[in-house]
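# Breakdown of the fold
Below, each chain spelled out in residue letters.
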Amino acid sequence: MIKNLSEFAFFGGEPKFQEKLFVGRPNVGNRDRLLTRINDMLDRRWFSNSGAFVQEFEHRVADYLGVKHCIAVCNGTIALELVIRALELKGEVIIPSFTFIATAHALQWQEITPVFCDVDPKTHTLNPWRVESLITPRTSGIIGVHVWGQSCDVEILTEIADKHHLKLMFDASHAFGCSYRGKMLGNFGSAEVFSFHATKFINTFEGGAIVTNNDELNQKIRLMKNFGFSGFDNVIYLGTNGKMSEISAAMGLTSLESLQEFIEVNRRNYKCYQEGLSEIPGVRLFPVDDAQQHNYQYVVLEIDENQTRVSRDLLVKILHAENVIARRYFYPGCHRMEPYRSYFPHAGLLLPETEKLTQRVLILPTGTAILEDDVSKICQIIRLIIASQINEYELTGN
Ligand code: T4K
(Lines give C-alpha, C1' and ligand atoms only; values in the text may rest on other atoms or scores of the structure.)
Protein backbone atom coordinates (compact mmCIF):
# COMPACT_ATOMS: atom_id res chain seq x y z
CA MET A 1 0.00 0.00 0.00
CA ILE A 2 2.03 3.01 1.24
CA LYS A 3 5.73 2.85 0.33
CA ASN A 4 7.10 6.18 1.49
CA LEU A 5 6.09 9.05 3.74
CA SER A 6 5.08 11.43 0.95
CA GLU A 7 2.21 9.08 0.17
CA PHE A 8 0.57 9.88 3.53
CA ALA A 9 -2.15 12.53 3.31
CA PHE A 10 -0.48 14.37 6.20
CA PHE A 11 2.55 14.87 3.92
CA GLY A 12 0.56 15.77 0.80
CA GLY A 13 -0.65 12.38 -0.50
CA GLU A 14 -4.24 11.28 -1.08
CA PRO A 15 -6.24 10.18 1.99
CA LYS A 16 -6.46 6.38 2.12
CA PHE A 17 -10.18 6.60 2.91
CA GLN A 18 -12.54 8.68 0.79
CA GLU A 19 -15.09 8.96 3.59
CA LYS A 20 -14.38 9.66 7.22
CA LEU A 21 -14.29 6.65 9.55
CA PHE A 22 -15.64 7.69 12.93
CA VAL A 23 -15.32 6.28 16.41
CA GLY A 24 -18.91 5.81 17.60
CA ARG A 25 -20.62 5.60 14.21
CA PRO A 26 -24.08 4.38 15.24
CA ASN A 27 -25.27 0.82 14.61
CA VAL A 28 -28.65 0.82 12.89
CA GLY A 29 -30.00 -2.73 13.20
CA ASN A 30 -33.01 -3.91 11.22
CA ARG A 31 -34.36 -0.78 9.56
CA ASP A 32 -37.67 -2.40 8.59
CA ARG A 33 -38.34 -3.48 12.17
CA LEU A 34 -37.59 0.03 13.36
CA LEU A 35 -39.86 1.65 10.79
CA THR A 36 -42.66 -0.81 11.61
CA ARG A 37 -42.34 0.13 15.26
CA ILE A 38 -42.36 3.83 14.46
CA ASN A 39 -45.49 3.42 12.33
CA ASP A 40 -47.12 1.47 15.13
CA MET A 41 -46.24 4.25 17.55
CA LEU A 42 -47.71 6.89 15.22
CA ASP A 43 -50.90 4.83 14.84
CA ARG A 44 -51.23 4.48 18.59
CA ARG A 45 -50.41 8.16 19.16
CA TRP A 46 -48.46 7.42 22.28
CA PHE A 47 -45.07 9.13 22.14
CA SER A 48 -43.76 9.34 25.69
CA ASN A 49 -44.62 8.87 29.40
CA SER A 50 -43.89 5.18 29.91
CA GLY A 51 -45.49 3.92 26.70
CA ALA A 52 -45.61 0.32 25.51
CA PHE A 53 -42.15 0.42 23.89
CA VAL A 54 -40.48 1.91 26.95
CA GLN A 55 -42.05 -0.73 29.18
CA GLU A 56 -41.02 -3.52 26.82
CA PHE A 57 -37.50 -2.11 26.59
CA GLU A 58 -37.22 -1.97 30.38
CA HIS A 59 -38.35 -5.60 30.70
CA ARG A 60 -35.97 -6.81 28.04
CA VAL A 61 -32.99 -5.00 29.52
CA ALA A 62 -33.77 -6.28 33.03
CA ASP A 63 -34.20 -9.86 31.73
CA TYR A 64 -31.00 -9.76 29.73
CA LEU A 65 -28.99 -8.50 32.70
CA GLY A 66 -30.73 -10.67 35.27
CA VAL A 67 -31.50 -7.59 37.35
CA LYS A 68 -34.78 -6.84 39.13
CA HIS A 69 -35.51 -3.33 37.88
CA CYS A 70 -34.65 -1.25 34.84
CA ILE A 71 -35.75 2.38 34.55
CA ALA A 72 -35.29 3.76 31.05
CA VAL A 73 -34.36 7.45 30.92
CA CYS A 74 -33.56 10.13 28.37
CA ASN A 75 -29.75 9.89 28.62
CA GLY A 76 -26.91 8.48 30.71
CA THR A 77 -26.12 11.82 32.35
CA ILE A 78 -29.63 12.22 33.76
CA ALA A 79 -29.46 8.57 34.85
CA LEU A 80 -26.34 9.39 36.90
CA GLU A 81 -27.94 12.52 38.36
CA LEU A 82 -31.06 10.61 39.38
CA VAL A 83 -29.16 7.84 41.16
CA ILE A 84 -26.87 10.32 42.90
CA ARG A 85 -29.92 12.20 44.17
CA ALA A 86 -31.90 9.10 45.07
CA LEU A 87 -28.96 7.76 47.09
CA GLU A 88 -28.77 11.15 48.85
CA LEU A 89 -25.10 11.55 48.12
CA LYS A 90 -23.62 14.77 49.46
CA GLY A 91 -20.32 16.40 50.43
CA GLU A 92 -17.65 14.47 48.54
CA VAL A 93 -17.90 11.50 46.21
CA ILE A 94 -14.85 9.61 44.96
CA ILE A 95 -14.70 9.01 41.21
CA PRO A 96 -11.98 8.48 38.61
CA SER A 97 -10.82 11.50 36.63
CA PHE A 98 -10.23 9.13 33.73
CA THR A 99 -13.84 9.11 32.54
CA PHE A 100 -16.21 11.08 30.34
CA ILE A 101 -16.93 14.48 31.87
CA ALA A 102 -20.57 13.51 32.58
CA THR A 103 -19.52 11.39 35.59
CA ALA A 104 -18.05 14.46 37.30
CA HIS A 105 -20.69 16.93 36.10
CA ALA A 106 -23.55 14.78 37.41
CA LEU A 107 -22.14 15.38 40.90
CA GLN A 108 -21.05 18.99 40.59
CA TRP A 109 -24.45 19.83 39.06
CA GLN A 110 -25.88 18.96 42.48
CA GLU A 111 -23.10 20.81 44.32
CA ILE A 112 -21.41 17.60 45.38
CA THR A 113 -17.62 17.64 45.10
CA PRO A 114 -16.13 14.99 42.84
CA VAL A 115 -12.87 13.82 44.44
CA PHE A 116 -10.69 12.51 41.66
CA CYS A 117 -8.95 9.23 42.30
CA ASP A 118 -6.19 7.66 40.24
CA VAL A 119 -6.76 4.54 38.16
CA ASP A 120 -4.97 1.23 37.87
CA PRO A 121 -2.85 1.45 34.70
CA LYS A 122 -3.69 -2.18 33.84
CA THR A 123 -7.49 -1.88 34.01
CA HIS A 124 -7.96 1.90 33.56
CA THR A 125 -10.52 1.70 36.40
CA LEU A 126 -10.47 3.08 39.97
CA ASN A 127 -7.50 1.93 42.01
CA PRO A 128 -9.31 0.71 45.16
CA TRP A 129 -6.28 1.27 47.40
CA ARG A 130 -6.11 4.89 46.35
CA VAL A 131 -9.88 5.19 46.95
CA GLU A 132 -9.47 4.27 50.60
CA SER A 133 -6.80 6.93 51.12
CA LEU A 134 -9.17 9.66 49.83
CA ILE A 135 -12.02 8.96 52.25
CA THR A 136 -12.73 11.87 54.61
CA PRO A 137 -15.60 12.60 57.03
CA ARG A 138 -17.31 14.44 54.12
CA THR A 139 -17.24 11.40 51.81
CA SER A 140 -20.69 9.95 51.12
CA GLY A 141 -20.09 7.63 48.21
CA ILE A 142 -17.98 6.09 45.46
CA ILE A 143 -18.79 5.93 41.75
CA GLY A 144 -16.79 3.32 39.87
CA VAL A 145 -16.68 3.55 36.07
CA HIS A 146 -16.44 0.32 34.05
CA VAL A 147 -14.49 2.16 31.40
CA TRP A 148 -14.32 0.49 27.94
CA GLY A 149 -16.55 -2.26 29.40
CA GLN A 150 -13.73 -3.36 31.70
CA SER A 151 -15.25 -4.05 35.10
CA CYS A 152 -13.98 -2.19 38.14
CA ASP A 153 -12.61 -4.21 41.01
CA VAL A 154 -16.17 -4.62 42.24
CA GLU A 155 -15.36 -6.90 45.15
CA ILE A 156 -12.78 -4.66 46.80
CA LEU A 157 -14.77 -1.48 46.13
CA THR A 158 -17.79 -3.12 47.76
CA GLU A 159 -15.70 -4.08 50.79
CA ILE A 160 -14.34 -0.55 51.11
CA ALA A 161 -17.78 1.01 50.74
CA ASP A 162 -19.27 -1.33 53.36
CA LYS A 163 -16.39 -0.81 55.78
CA HIS A 164 -16.74 2.98 55.64
CA HIS A 165 -20.58 3.04 55.36
CA LEU A 166 -20.44 4.66 51.93
CA LYS A 167 -22.87 4.31 49.05
CA LEU A 168 -21.46 2.59 45.98
CA MET A 169 -22.79 2.96 42.45
CA PHE A 170 -21.36 2.31 39.02
CA ASP A 171 -21.26 4.27 35.81
CA ALA A 172 -21.63 1.35 33.39
CA SER A 173 -22.16 3.59 30.35
CA HIS A 174 -19.62 1.55 28.34
CA ALA A 175 -20.46 -1.81 29.81
CA PHE A 176 -23.81 -3.03 28.51
CA GLY A 177 -23.35 -6.72 27.68
CA CYS A 178 -20.22 -7.13 29.84
CA SER A 179 -19.82 -9.37 32.85
CA TYR A 180 -17.83 -9.52 36.08
CA ARG A 181 -16.97 -13.00 37.36
CA GLY A 182 -19.74 -14.49 35.25
CA LYS A 183 -22.47 -12.08 36.36
CA MET A 184 -23.68 -9.27 34.11
CA LEU A 185 -22.59 -5.77 35.04
CA GLY A 186 -25.70 -3.98 36.19
CA ASN A 187 -26.05 -6.15 39.27
CA PHE A 188 -23.53 -4.42 41.52
CA GLY A 189 -23.50 -1.58 44.01
CA SER A 190 -26.80 0.12 44.89
CA ALA A 191 -27.45 0.82 41.21
CA GLU A 192 -25.68 0.96 37.87
CA VAL A 193 -26.20 3.33 34.99
CA PHE A 194 -26.01 2.71 31.23
CA SER A 195 -25.83 5.12 28.33
CA PHE A 196 -27.64 4.29 25.10
CA HIS A 197 -26.35 7.36 23.29
CA ALA A 198 -26.08 7.09 19.49
CA THR A 199 -22.38 6.26 19.82
CA LYS A 200 -22.96 3.22 22.04
CA PHE A 201 -23.23 -0.22 20.42
CA ILE A 202 -26.82 -0.50 21.69
CA ASN A 203 -28.42 2.87 21.14
CA THR A 204 -31.75 4.60 21.57
CA PHE A 205 -30.60 7.74 19.65
CA GLU A 206 -30.29 9.46 23.05
CA GLY A 207 -31.04 7.44 26.14
CA GLY A 208 -29.91 5.65 29.21
CA ALA A 209 -31.07 3.33 31.95
CA ILE A 210 -30.74 2.79 35.65
CA VAL A 211 -30.70 -0.79 36.87
CA THR A 212 -31.00 -1.92 40.46
CA ASN A 213 -32.01 -4.86 42.60
CA ASN A 214 -33.29 -2.50 45.29
CA ASP A 215 -37.12 -2.13 45.30
CA GLU A 216 -37.16 1.08 47.30
CA LEU A 217 -34.59 2.77 45.10
CA ASN A 218 -36.50 1.67 42.01
CA GLN A 219 -39.71 3.26 43.29
CA LYS A 220 -37.98 6.47 44.27
CA ILE A 221 -36.20 6.87 40.93
CA ARG A 222 -39.38 6.11 38.97
CA LEU A 223 -41.07 8.99 40.79
CA MET A 224 -38.10 11.30 40.38
CA LYS A 225 -37.77 10.79 36.62
CA ASN A 226 -41.44 11.84 36.16
CA PHE A 227 -41.54 15.11 38.16
CA GLY A 228 -42.49 13.19 41.30
CA PHE A 229 -45.99 12.37 39.97
CA SER A 230 -47.61 9.42 41.69
CA GLY A 231 -50.86 9.66 39.68
CA PHE A 232 -52.96 12.37 38.11
CA ASP A 233 -52.34 15.75 39.77
CA ASN A 234 -50.49 14.21 42.70
CA VAL A 235 -46.83 15.15 43.16
CA ILE A 236 -45.30 13.45 46.18
CA TYR A 237 -41.61 13.98 45.56
CA LEU A 238 -39.11 16.42 44.07
CA GLY A 239 -38.49 15.30 40.51
CA THR A 240 -37.33 16.16 37.05
CA ASN A 241 -38.12 15.07 33.52
CA GLY A 242 -35.89 12.08 32.81
CA LYS A 243 -38.31 10.07 30.69
CA MET A 244 -37.29 8.08 27.66
CA SER A 245 -39.45 8.73 24.59
CA GLU A 246 -41.22 5.97 22.65
CA ILE A 247 -39.21 6.53 19.50
CA SER A 248 -36.03 6.02 21.51
CA ALA A 249 -37.38 2.82 23.01
CA ALA A 250 -38.39 1.66 19.50
CA MET A 251 -34.75 2.07 18.48
CA GLY A 252 -33.62 0.40 21.71
CA LEU A 253 -35.79 -2.67 21.09
CA THR A 254 -34.54 -2.88 17.51
CA SER A 255 -30.94 -2.54 18.70
CA LEU A 256 -31.42 -5.28 21.29
CA GLU A 257 -32.64 -7.67 18.57
CA SER A 258 -29.25 -7.25 16.86
CA LEU A 259 -27.16 -7.30 20.03
CA GLN A 260 -25.36 -10.58 19.29
CA GLU A 261 -24.63 -9.51 15.73
CA PHE A 262 -23.21 -6.15 16.88
CA ILE A 263 -20.99 -7.87 19.42
CA GLU A 264 -19.79 -10.36 16.79
CA VAL A 265 -18.86 -7.54 14.40
CA ASN A 266 -17.05 -5.66 17.18
CA ARG A 267 -15.25 -8.84 18.18
CA ARG A 268 -14.26 -9.57 14.59
CA ASN A 269 -12.88 -6.04 14.21
CA TYR A 270 -11.09 -6.29 17.56
CA LYS A 271 -9.39 -9.55 16.55
CA CYS A 272 -8.43 -8.00 13.23
CA TYR A 273 -6.87 -5.01 15.03
CA GLN A 274 -5.12 -7.44 17.38
CA GLU A 275 -3.55 -9.24 14.45
CA GLY A 276 -2.75 -6.10 12.45
CA LEU A 277 -1.10 -4.32 15.37
CA SER A 278 0.78 -7.24 16.88
CA GLU A 279 4.42 -6.77 17.75
CA ILE A 280 4.62 -3.07 17.07
CA PRO A 281 6.97 -1.88 19.84
CA GLY A 282 5.24 0.68 22.06
CA VAL A 283 1.71 -0.07 20.84
CA ARG A 284 -0.53 -1.89 23.31
CA LEU A 285 -4.06 -2.93 22.45
CA PHE A 286 -6.13 -2.78 25.64
CA PRO A 287 -6.86 -6.45 26.37
CA VAL A 288 -10.27 -8.03 26.69
CA ASP A 289 -10.74 -10.94 29.06
CA ASP A 290 -12.26 -13.61 26.81
CA ALA A 291 -13.47 -15.50 29.91
CA GLN A 292 -16.01 -12.71 30.53
CA GLN A 293 -18.80 -11.48 28.31
CA HIS A 294 -17.76 -8.33 26.52
CA ASN A 295 -19.17 -5.92 23.94
CA TYR A 296 -15.78 -5.00 22.34
CA GLN A 297 -17.24 -1.58 21.53
CA TYR A 298 -14.07 0.42 22.18
CA VAL A 299 -10.78 -0.36 20.48
CA VAL A 300 -8.28 1.25 22.84
CA LEU A 301 -4.59 1.66 22.08
CA GLU A 302 -1.87 2.88 24.40
CA ILE A 303 1.02 4.54 22.64
CA ASP A 304 4.30 4.57 24.54
CA GLU A 305 6.12 7.29 22.69
CA ASN A 306 9.46 6.37 24.28
CA GLN A 307 9.31 3.26 22.15
CA THR A 308 7.33 4.37 19.12
CA ARG A 309 9.21 7.70 18.83
CA VAL A 310 5.95 8.94 17.29
CA SER A 311 3.73 10.68 19.80
CA ARG A 312 0.10 9.72 20.27
CA ASP A 313 -0.91 13.21 19.16
CA LEU A 314 1.11 13.09 15.95
CA LEU A 315 -0.34 9.68 15.20
CA VAL A 316 -3.85 11.11 15.68
CA LYS A 317 -3.08 13.99 13.27
CA ILE A 318 -1.74 11.57 10.66
CA LEU A 319 -4.77 9.29 11.03
CA HIS A 320 -7.17 12.23 10.76
CA ALA A 321 -5.50 13.31 7.53
CA GLU A 322 -6.21 9.80 6.21
CA ASN A 323 -9.88 10.27 7.27
CA VAL A 324 -9.55 7.94 10.25
CA ILE A 325 -11.09 10.06 12.99
CA ALA A 326 -9.35 8.46 15.96
CA ARG A 327 -10.15 9.96 19.39
CA ARG A 328 -8.12 10.77 22.50
CA TYR A 329 -10.63 9.71 25.19
CA PHE A 330 -10.46 11.00 27.95
CA TYR A 331 -7.92 13.70 27.24
CA PRO A 332 -7.06 15.86 29.17
CA GLY A 333 -8.83 14.17 32.12
CA CYS A 334 -11.79 15.63 34.04
CA HIS A 335 -9.44 17.30 36.54
CA ARG A 336 -7.99 19.41 33.72
CA MET A 337 -11.39 20.60 32.50
CA GLU A 338 -13.54 23.38 33.93
CA PRO A 339 -14.74 23.96 36.54
CA TYR A 340 -12.50 21.32 38.16
CA ARG A 341 -9.24 22.74 36.80
CA SER A 342 -9.95 26.03 38.62
CA TYR A 343 -11.23 24.34 41.78
CA PHE A 344 -8.34 21.88 42.10
CA PRO A 345 -5.39 23.24 40.10
CA HIS A 346 -2.96 20.71 41.59
CA ALA A 347 -5.18 17.61 41.31
CA GLY A 348 -2.82 16.11 38.74
CA LEU A 349 -0.16 15.59 41.40
CA LEU A 350 -2.27 12.83 42.90
CA LEU A 351 -3.19 11.35 39.52
CA PRO A 352 0.07 10.16 37.92
CA GLU A 353 -1.45 7.15 36.14
CA THR A 354 -4.38 9.20 34.85
CA GLU A 355 -1.99 11.84 33.55
CA LYS A 356 -0.01 9.16 31.71
CA LEU A 357 -3.10 7.54 30.21
CA THR A 358 -4.50 10.82 28.93
CA GLN A 359 -1.24 11.24 26.98
CA ARG A 360 -1.18 7.67 25.66
CA VAL A 361 -4.70 6.48 24.87
CA LEU A 362 -6.05 6.51 21.36
CA ILE A 363 -9.42 5.08 20.30
CA LEU A 364 -9.91 3.56 16.85
CA PRO A 365 -13.14 3.17 14.86
CA THR A 366 -15.17 -0.01 15.09
CA GLY A 367 -18.81 -1.09 14.88
CA THR A 368 -20.92 -2.17 11.93
CA ALA A 369 -19.80 0.79 9.80
CA ILE A 370 -16.22 -0.58 9.80
CA LEU A 371 -15.15 -3.49 7.61
CA GLU A 372 -12.26 -5.88 8.17
CA ASP A 373 -10.54 -4.36 5.19
CA ASP A 374 -10.79 -0.90 6.80
CA VAL A 375 -9.19 -2.28 9.95
CA SER A 376 -6.34 -3.83 7.99
CA LYS A 377 -5.64 -0.54 6.22
CA ILE A 378 -5.73 1.41 9.51
CA CYS A 379 -3.26 -1.06 11.02
CA GLN A 380 -0.95 -0.72 8.02
CA ILE A 381 -0.96 3.07 8.36
CA ILE A 382 -0.05 2.83 12.05
CA ARG A 383 2.62 0.21 11.45
CA LEU A 384 4.27 2.22 8.66
CA ILE A 385 4.21 5.51 10.54
CA ILE A 386 5.82 3.94 13.56
CA ALA A 387 8.36 2.08 11.44
CA SER A 388 9.30 5.40 9.81
CA GLN A 389 10.27 6.83 13.24
CA ILE A 390 9.07 10.23 12.13
CA ASN A 391 8.64 12.60 15.05
CA GLU A 392 7.53 16.14 15.81
CA TYR A 393 11.08 17.37 16.09
CA GLU A 394 11.89 16.34 12.54
CA LEU A 395 8.61 17.79 11.29
CA THR A 396 8.81 21.19 12.92
CA GLY A 397 12.50 21.50 13.69
CA ASN A 398 11.80 22.50 17.31
N1 T4K B 1 -20.41 8.21 31.55
C2 T4K B 1 -19.54 7.77 30.64
C3 T4K B 1 -18.38 6.94 31.09
C4 T4K B 1 -19.72 8.07 29.28
O5 T4K B 1 -18.80 7.64 28.36
C6 T4K B 1 -20.83 8.83 28.88
C7 T4K B 1 -21.01 9.19 27.48
C8 T4K B 1 -21.74 9.25 29.87
C9 T4K B 1 -21.49 8.92 31.20
C10 T4K B 1 -22.95 10.09 29.55
O11 T4K B 1 -23.91 9.38 28.79
P12 T4K B 1 -24.89 10.22 27.79
O13 T4K B 1 -25.49 11.34 28.61
O14 T4K B 1 -24.06 10.74 26.64
O15 T4K B 1 -25.91 9.19 27.39
C16 T4K B 1 -19.38 10.79 22.96
C17 T4K B 1 -20.82 10.59 23.33
O18 T4K B 1 -21.58 11.74 23.01
C19 T4K B 1 -21.01 10.26 24.79
O20 T4K B 1 -22.31 9.74 24.93
C21 T4K B 1 -20.01 9.20 25.25
N22 T4K B 1 -20.09 8.95 26.65
C23 T4K B 1 -18.61 9.63 24.90
C24 T4K B 1 -17.59 8.60 25.30
O25 T4K B 1 -18.53 9.80 23.50
P26 T4K B 1 -18.05 12.93 22.30
O27 T4K B 1 -17.78 14.21 22.99
O28 T4K B 1 -16.92 12.14 21.83
O29 T4K B 1 -19.12 13.12 21.14
P30 T4K B 1 -18.93 13.49 19.60
O31 T4K B 1 -20.02 14.39 19.23
O32 T4K B 1 -17.54 13.91 19.35
O33 T4K B 1 -19.25 12.12 18.86
C34 T4K B 1 -18.45 10.99 18.99
C35 T4K B 1 -18.21 10.30 17.69
O36 T4K B 1 -19.38 9.69 17.19
C37 T4K B 1 -17.67 11.15 16.58
O38 T4K B 1 -16.58 10.43 16.06
C39 T4K B 1 -18.81 11.26 15.57
C40 T4K B 1 -19.63 10.02 15.82
N41 T4K B 1 -21.07 10.18 15.67
C42 T4K B 1 -21.77 10.80 16.65
C43 T4K B 1 -23.14 10.93 16.55
C44 T4K B 1 -23.92 11.63 17.64
C45 T4K B 1 -21.71 9.68 14.54
O46 T4K B 1 -21.04 9.11 13.64
N47 T4K B 1 -23.07 9.78 14.44
C48 T4K B 1 -23.83 10.38 15.41
O49 T4K B 1 -25.07 10.43 15.30
O50 T4K B 1 -18.93 12.06 23.33
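Starting from 1, residues in each chain are numbered consecutively following that chain's sequence as written. Given that the model is predicted, a residue must reach a pLDDT of at least 70 before its local features are reported, and side-chain atom pairs must reach 80 or more before they are shown or counted; all residues, however, enter totals for whole chains, interfaces and linings. Note that the side-chain values use all heavy atoms of the structure and ignore hydrogens as well as water.

The next subject is the overall build of the chain. Secondary structure follows DSSP: runs of H or I at least 4 residues long count as helices, runs of E at least 2 residues long count as strands, and numbering of each begins at the N terminus. Assigned secondary structure in the chain consists of 15 helices and 14 strands. Atoms counted for the radius of gyration: C-alpha only. Globule rule: 2.2 Å times residue count to the power 0.38. Relative to the compact-globule value of 21 Å for 398 residues, the chain shows a C-alpha radius of gyration of 22 Å, a close match. Across the 398 residues that make up the chain, the buried fraction comes to 55%. Whether two residues are in contact is decided by their heavy atoms, any of which lying within 4.5 Å being enough. Restricting to contacts in the chain with at least 6 residues of sequence separation, those with at least 24 account for 71%. Each accessible area value is a Shrake-Rupley result obtained with a 1.4 Å probe; residue values ignore everything except the protein chains displayed when judging cover. When the accessible surface of the chain is totalled, it reaches about 17,800 Å², and 51% of it is carbon and sulfur. Counting 40 positive and 47 negative side-chain charges, the chain places the centres of these two groups 2 Å from one another. Here's how the labels work: a residue is buried when its accessible area is under 20% of the maximum for its type, exposed when over 50%, partly exposed in between, all with a 1.4 Å probe on protein chains only. For the charge count, each Lys or Arg is scored as positive and each Asp or Glu as negative, with His and the chain ends excluded. Positions of charges follow a simple convention, taking NZ of Lys, CZ of Arg, CG of Asp or CD of Glu.

So, on to the sheet that holds strand S4 (residues 113-117). For two strands to count as paired, DSSP must find a minimum of two bridges between them. The seven strands lie next to each other as S2-S10-S9-S6-S5-S3-S4, forming an open sheet whose pairing is mixed. Among the strands making up the open sheet, the edge pair consists of strand S2 (69-73) and S4. Across the sheet, the mean angle separating the axes of adjacent strands is 25° when strand polarity is ignored. Lines fitted to C-alpha atoms define the axes here, with helix axes fitted over just the stretch in contact, and angles between the N-to-C directions of these axes take values from 0 to 180 degrees. Lying on the sheet, helix H2 (residues 52-65) is in contact with S2, strand S9 (191-195) and strand S10 (208-212); it crosses S2 at an angle near 135°. Contacting S2, S9 and S10, helix H7 (residues 215-224) runs over the sheet at an angle of about 20° to S2.

Another aspect to go through is the domain arrangement of the chain. Examined at the domain level, the chain breaks down into domain 1 (5-26 + 258-326 + 365-396) and domain 2 (31-257). Placing a centre on the C-alpha atoms of domain 1 and another on those of domain 2 gives a separation of 30 Å. Contacts between the two partners involve 17 residues from domain 1, matched on the other side by 29 residues from domain 2. Both sides together, the interface formed by domain 1 and domain 2 hides about 1,900 Å², and carbon and sulfur atoms give 54% of it. Should a side-chain nitrogen of Lys or Arg be within 4 Å of a carboxyl oxygen of Asp or Glu, the pair is scored as a salt bridge. On the surface where domain 1 and domain 2 come into contact, there are zero salt bridges. When residues of the side of domain 1 that touches domain 2 are traced back to their parent elements, those giving at least two are helix H9 (259-276) and strand S12 (299-303). Source of the domain bounds: an automatic or database domain assignment. A simple way to read buried area is as the amount of 1.4 Å-probe accessible surface that goes missing from two parts once joined, with both sides added.

Across a sheet, paired strands are connected by hydrogen bonds in the backbone, their directions being either parallel or antiparallel. Pairing in this open sheet of three strands is antiparallel, and the strands run S11-S12-S14 from one edge to the other. Of all strands in the sheet, those bounded by a partner on one side alone are strand S11 (283-285) and strand S14 (361-364). For this sheet the average axis-to-axis angle between neighbouring strands, irrespective of direction, equals 30°. Sheet topology note: the S12/S14 ladder contains four bridges and is antiparallel. Opposite Glu302, over in S14, you have Val361 as the bridge partner. On the sheet, helix H11 (residues 312-321) packs against S12 and S14 and is oriented at approximately 20° with respect to S14.

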